[in-house]
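Chain by chain, the residues run as shown.
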Amino acid sequence: MASDIKHPSWLPRVLRPTPPRLRLARAFTGQRFGDDLPRAERIPGFLHADQAAALCHAAAICPDGPIVEIGSFKGKSTVFLGRGMKRSNSLHAIDPHISTSLGSRRDRAAARETGTDGAPPETSWRTFNEILDTWKLTDRVHVIRGYSHEVRADWSEAIAMLWVDGDHSYEAVRRDIEDWLPLVVPGGFAAFHDTHASYGEDHTGSVRRAITDAALPTSGEFETYLELRNAWIFRRTTSPHPQTPVTDP
């Protein structure tokens, strides 16, 4: 699989230097998964191997406390976060599980082979739970079947890490930023998927625009920890603004 390293487009991917933090993440993830890594990378979903490694390592080095995942789909990022995190962390996977996307060419081929490609589309819910069970994460992941904005209304804890990969519309990403980023503790991570400048059906890069319009790269409260071609990970450097509540929404 080609690297997901961000670099000028004219430079072939094989020649793009690997950021030290990504090298560290790859090594850590390889050790954490061992021989199971290729199988984990084949879990249905849209997460590149480099993105998965970056998440796994971030979950291992973030502060103690809750890790919040917005958008689980069939559980690929859930597995990498769950395998990476410490015992002092808890993983809260938020997703309404209404998506009927098969998630990969492999899934579509399997459906054609079994003659089920014309059947009513199935949501991600059953497969997600099967994958949690397969990877022995059922007892470690708090599954919340709902929408992130609704969940936030009843949430009051500070969080160690946030992974945003839910509704990719500009408005939804801005709302997730406004809802959840004030809860990230100093040293904690805020990571976003599908941040390429031309991502999306309208090629407007809605996730990236939401991030830049919210002034994450320039706020002084967060710094870029690692930026890949299609994922952007920030780390909080200072406490949230005093007027922004952290534990009392």
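See the structure above.
Note that the coordinates shown come from a computational prediction; the quantities given were computed from them, not determined experimentally. (Residues numbered from 1 in each chain as written. Predicted model: local features only at pLDDT ≥ 70, side-chain atom pairs only at ≥ 80, totals over all residues. Heavy atoms only, no water.)

This part covers unusual backbone geometry. A positive phi angle, near 55 degrees, is found at Lys-136, a position not held by glycine. In this fold, Lys-136 is placed in the loop between helix 6 (125-134) and strand 3 (141-144). Note on Lys-136: relative accessible area 72%, which makes it exposed. Positive phi is not limited to glycine here, since Ala-215 has a value of about 65 degrees. Considering the arrangement of structural elements, one finds Ala-215 in the loop between helix 9 (206-213) and strand 6 (222-227). (Helix = DSSP H or I, 4+ residues; strand = E, 2+ residues; numbered from the N terminus. Buried < 20%, exposed > 50% of the residue type's maximum accessible area, 1.4 Å probe, protein only.)

In this section: the packing of aromatic side chains. A full pass over the atoms with the stated rule returns eight aromatic pairs. Taken together, the ring pairs connect Phe-33, Phe-80 and Trp-135 into an aromatic cluster. For Arg-83, the ring lying beneath its charged end belongs to Phe-33, and the centroid distance is 5.0 Å. Between Arg-145 and the ring centre of Trp-125, over which it is positioned, the NZ or CZ distance is 4.4 Å. (Phe/Tyr/Trp six-rings, centres within 6.5 Å; stacked < 30°, edge-to-face > 60°. Lys NZ or Arg CZ within 6 Å of the ring centre and 35° of its normal.)

The subject of this paragraph is the sheet that holds strand 1 (residues 65-70). Backbone-to-backbone hydrogen bonds pair the strands of a sheet. The strands run either parallel or antiparallel. Ordered by their spatial adjacency, seven strands build an open sheet running 3-2-1-4-5-7-6, and the pairing between neighbours is mixed. Where the open sheet ends on each side, the last strands, each with one partner, are strand 3 and strand 6. Across this sheet, the average inter-strand angle for adjacent strands is 20 degrees, counted without regard to direction. Two elements, strand 5 (residues 184-193) and strand 7 (residues 231-236), share five bridges in a ladder whose sense is antiparallel. Bridge assignment links Ala-190 to a residue of strand 7, and that residue is Phe-234. (Pairing = 2+ DSSP bridges. Axes fitted to C-alpha atoms, helices over the stretch in contact; angles between N-to-C directions.)

Another point: the pairing of strand 7. Judged by how many residues are buried, strand 7 sits mostly within the fold: five of six residues are covered. For strand 6 and strand 7, the ladder comprises five bridges, and the chain directions are antiparallel. Bridging across to strand 7, Leu-226 finds its partner in Ile-233.

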